[in-house]
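# Secondary and tertiary structure notes
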Amino acid sequence: MFQVKKFQGLRGLFKTLALSALLAAGWAQAQSGPVKLMVGFPPGGGTDAIARILADKLKDQLAVPVLVENKAGAGGQIAAQALKAAAPDGNTLFLSHDHSITILPLVVKNPGYDPARDFVPVAGFATFANGLAVSGGTPATSMAEYVAWVQKQGAGQDTVGVPAPASVPEFLVKVIGQKYKLDLQSAPYRGSAPMMADMLGNQIHAGVGSLPDFIENQKAGKIRMVAVLGGQRQAALPDVPTFAELGLAGFEDLPYYGIFAPRGTPQATLDKLGSAVARVIALPEVRERLTTMGLSVGYMTSAQLASRERAYAKTWARIIQDSGFKPQ
């Protein structure tokens, strides 16, 4: 009897392994080519690095090549338009944070796409915090010291870099200026990498961006983060206070990262992609690398990511309207 049960158990294991192999093979056969994972920013920035970490493991889960393609420009708008035009076959995906999906449609009259109509969420995998960092050219190590330095050196005026125009970082620059009675002007870049280059070269004294954009240079002591968004301090930067702690409330809702496909992509394909993302971010080495970059890693289903988008859009629609900004 023991031998029979043992044989049945082994047979069940072999059937499971065979089924997994068939599913992988079926996915590969369904694909007409490699999966293209688009990023709306240049190589070298935080979003690009995140995409490459995931792509490297997704290729194993999907049994097809997964290639990162940088379609930089207009804060991710070009990549988003490319996703809208792509065939809904699972071959073209878009890895994006909140800016391209939620913020751009709020600040641009005709962005060339409507996320709710043209895209479908595949899965979310993390949230993160934006923050204010100062360059090595300033002596400031805190928000109070940065404010005092601007008041003394620039007569209350300074230029602060942001990775894209009409972005959450740009609105934060305005709010920070109002809070501390400073004349802060935003300097929009085409992504975080060129902004960081100017910060490291002391061409600008400060920048607002995401933790993944800043974390490595923060650890190296080349820049100093002085405040972050969120309802609590970030695990990667436990000594950096939140804006709420500094008296700037209303910015506790954290932005997100997700993967999106063209509307019309078959549900079976979306399910396979979403399951693959879940397995990848569950890998200890992936979770560790993303956490080290300043992300709070956590899987969101398609429905959960869609709900997250709606809530975030509601929060920022109010903030943008209160700022007096008019869609361009």
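For clarity, every value in this text was computed on a predicted model and none was experimentally measured. (Residues numbered from 1 in each chain as written. Predicted model: local features only at pLDDT ≥ 70, side-chain atom pairs only at ≥ 80, totals over all residues. Heavy atoms only, no water.)

### Describing the overall build of the protein chain
When its secondary structure is counted, the protein chain shows 12 helices and 11 strands. Over its C-alpha atoms the protein chain spans a radius of gyration of 22 Å, differing by no more than 12% from the 20 Å that the globule rule assigns to 328 residues. Once the C-alpha set of the protein chain is aligned to its principal axes, its extents read approximately 85 × 45 × 30 Å. Put simply, the protein chain has 328 residues, and 50% of those count as buried. (Helix = DSSP H or I, 4+ residues; strand = E, 2+ residues; numbered from the N terminus. Rg over C-alpha atoms; globule rule 2.2 N^0.38 Å. Buried < 20%, exposed > 50% of the residue type's maximum accessible area, 1.4 Å probe, protein only.)

### What about the confidence of the model for the protein chain?
Here the protein chain averages 90 in pLDDT, while 90% of its residues score no lower than 70. In this model residues 1–29 is a low-confidence stretch, pLDDT under 50, and it forms 11 contacts with partners more than four residues away in sequence or in other chains. (pLDDT = per-residue confidence, 0-100. Contact = heavy atoms within 4.5 Å.)

### Focus: the sheet that holds strand 7 (residues 183–188)
Across the sheet, five strands lie side by side as 7-6-8-5-9; this open sheet has mixed pairing. The two strands at the open ends of the sheet, each matched to only one other strand, are strand 7 and strand 9 (223–228). This sheet shows a mean twist of 30° between the axes of neighbouring strands, independent of strand direction. Taken together, the six bridges between strand 6 (residues 157–162) and strand 7 define a ladder with parallel strand orientation. In the strand pairing of strand 7, Val160 is matched with Ser186. (Pairing = 2+ DSSP bridges. Axes fitted to C-alpha atoms, helices over the stretch in contact; angles between N-to-C directions.)

### A few points about the pairing of strand 1 (residues 35–39)
Of all five residues making up strand 1, four are buried, and the element is well covered by its neighbours. Pairing of strand 1 with strand 2 (residues 66–70), which is carried by five bridges, proceeds in the parallel orientation. Paired with Lys36 across the bridge in strand 2 is Leu67. Once the chain exits strand 1 it traverses helix 2 (residues 46–62) before rejoining the sheet at strand 2, and the crossover so formed is right-handed. Of the strand pairs in this sheet, strand 1 and strand 3 (residues 92–97) are connected by three bridges, and their pairing is parallel. If you follow Leu37 over to strand 3, its bridge partner there is Leu93. (Right-handed = clockwise from strand over helix to strand, strands pointing away.)

### Section: the packing of helix 2 against helix 11 (residues 284–292)
Between two packed helices, the angle of one axis relative to the other and the distance separating the axes together describe the packing. Viewed as axis vectors pointing N to C, helix 2 and helix 11 meet at an angle of 180°, and their least axial separation amounts to 11 Å. For the element pair helix 2 / helix 11, the angle class is roughly antiparallel. Counted together, Ile50, Ile53, Leu54 and Lys57 of helix 2 and Glu285, Val286, Arg289 and Leu290 of helix 11 form the full contact between these two elements. Split into classes, the residues belonging to the contact of helix 2 with helix 11 amount to five nonpolar, no polar and three charged. (Parallel < 35°, antiparallel > 145°, perpendicular 65-115°, else oblique. Nonpolar A, V, L, I, M, F, W, Y, C, P; charged D, E, K, R; others polar.)

### Quick word on the nonpolar core
Residues Leu132, Met143, Tyr146 and Trp316 are the most contacted members of the largest nonpolar core, which totals 65 residues. No other element matches helix 7 (residues 168–180), which puts seven residues into this core. Dropping the residues within four chain positions of it, Leu132 is found in contact with Met143, Tyr146, Val160, Ile176, Ala206, Gly207, Val208, Arg224, Met225, Val226, Ala227 and Phe243. Within the second largest apolar cluster, 36 residues are counted, among which are Ile50, Leu54, Val277 and Val286. (Core = buried A, V, L, I, M, F, W, Y, C linked by side-chain atoms within 4.5 Å.)

### Looking at the packing of aromatic side chains
In the structure shown here, the tally under the stated rule is seven aromatic pairs. Ring geometry for Phe128 versus Tyr257: centroids 5.1 Å apart, planes at 45°, classification tilted. Pair noted here: Phe128 is in the loop between strand 4 (119–127) and strand 5 (130–135) and Tyr257 is in strand 10 (residues 256–262), with a separation of 129 residues, a long-range link. What links up through ring pairs into an aromatic cluster is the set Phe251, Tyr256, Tyr312 and Trp316. (Phe/Tyr/Trp six-rings, centres within 6.5 Å; stacked < 30°, edge-to-face > 60°.)

### Overview of unusual backbone geometry
The phi angle at Ala74 is positive, at roughly 55°, despite the residue not being glycine. Among the residues examined, Ala74 registers a relative accessible area of 39% and is labelled partly exposed. Residue Lys181 is not a glycine yet carries a positive backbone phi of 55°. Note that Lys181 resides in the loop between helix 7 and strand 7.

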